[in-house]
Structure formats: structure tokens, C-alpha cells
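Chain residues, written in single-letter form:
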Amino acid sequence: RLCMYLVELTMQEYRMLKYLPSVIAASAVCLAQKMLRSGSWNSVMQHHTCYPEATLLPCVKDMNAILKSAPKNSLTAVRKKYSQDKYAGVAHIPAIDV
């Protein structure tokens, strides 16, 4: 659900249009792994997404910046949605330094 939240946050940002949808999806998985400390971007992930981590880092950094600014953003619907128990409250997971 954290990946879904990250992707939905990017949909509100014009600057994210420069990334392919597949890059956004892979970057959401990469950032979620880092946030949850649940592994790293390895050869299996690279094989299935066709993206090495180095290619994803610019998008991951932009996504993380959006996540950090989410509490101050005037567009609150996505944050409220993912704050609910129904979505495991993933909006409350803090951003990290990437």
C-alpha cells in the first residue's frame, strides 16, 4: 500500500511528468524498500523492472521530496485517504534521506 500512496502522490505533481510510468512504479518500490528497510534493489528487482537503481535515483529523490512536503501540501485528499486504517495508515510512515 505504501507504493500505491507514493504513486498517487506523484500524480499531483507536474514535475513528475518527465518520468515514464514504469520508472515511477519501479521508483515507488525502490523508495518503499528503503523506507521500510525491507531489502535493497538487487539483480532480481533490476531484472524484473529492467531498471538499475542508478537509473531510478533521480525519480526516487523527487518522489521522496514530494513525500516530505505532503503534510504542507494544500492537496490533502491522497494523504487523508492513506492515513486511514483501511490503507494501514501508510501516510504516517516518515520520509527518509535519500
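Computed from a predicted model, the values in this text were never measured in an experiment.

Draft legend 1. The arrangement of the overall build of the protein chain in detail. Assigned secondary structure in the protein chain consists of 5 helices and 0 strands. The C-alpha radius of gyration computed for the protein chain amounts to 13 Å, which stays within 12% of the reference 13 Å derived for 98 residues, consistent with globular compactness. Counting all 98 residues of the protein chain, 37% fall into the buried class. Put simply, 73% of the contacts in the protein chain that link residues at least 6 apart link residues at least 24 apart. For the protein chain, the accessible surface area stands at approximately 5,900 Å², while carbon and sulfur atoms represent 58% of it.

Draft legend 2. Region of interest: the nonpolar core. Residues Tyr5, Leu6 and Leu56 are the most contacted members of the largest nonpolar core, which totals 29 residues. Those elements that provide at least two residues to this core are α1 (2-10), α2 (21-36) and α4 (53-69). The biggest single contributor to this core is α2, with 8 residues. Beyond its immediate sequence surroundings of up to four residues, Leu6 is in contact with Ala28, Leu31, Ala32, Met35, Met63 and Leu67.

Draft legend 3. Region of interest: the pattern of salt bridges. With the rule as written, the count across this model stands at 4 salt bridges. Note that Asp62 is salt-bridged to Lys18, the shortest N-O span being 3.7 Å. Highlighted residues: Asp62 in helix α4 and Lys18 in the loop between α1 and α2, separated in sequence by 44 residues. For Asp62, a relative accessible area of 19% puts it in the buried group.

Draft legend 4. Here's a closer look at the environment of Lys80. Of note, Lys80 is situated in helix α5 (residues 77-81). By relative accessible area, Lys80 is classed as exposed at 56%.

Basis of the calculations
Residues numbered from 1 in each chain as written. Predicted model: local features only at pLDDT ≥ 70, side-chain atom pairs only at ≥ 80, totals over all residues. Heavy atoms only, no water. Helix = DSSP H or I, 4+ residues; strand = E, 2+ residues; numbered from the N terminus. Rg over C-alpha atoms; globule rule 2.2 N^0.38 Å. Buried < 20%, exposed > 50% of the residue type's maximum accessible area, 1.4 Å probe, protein only. Contact = heavy atoms within 4.5 Å. Areas by Shrake-Rupley, 256 points an atom, 1.4 Å probe, with all protein chains shown as cover. Core = buried A, V, L, I, M, F, W, Y, C linked by side-chain atoms within 4.5 Å. Salt bridge = Lys/Arg side-chain N within 4 Å of Asp/Glu carboxyl O.

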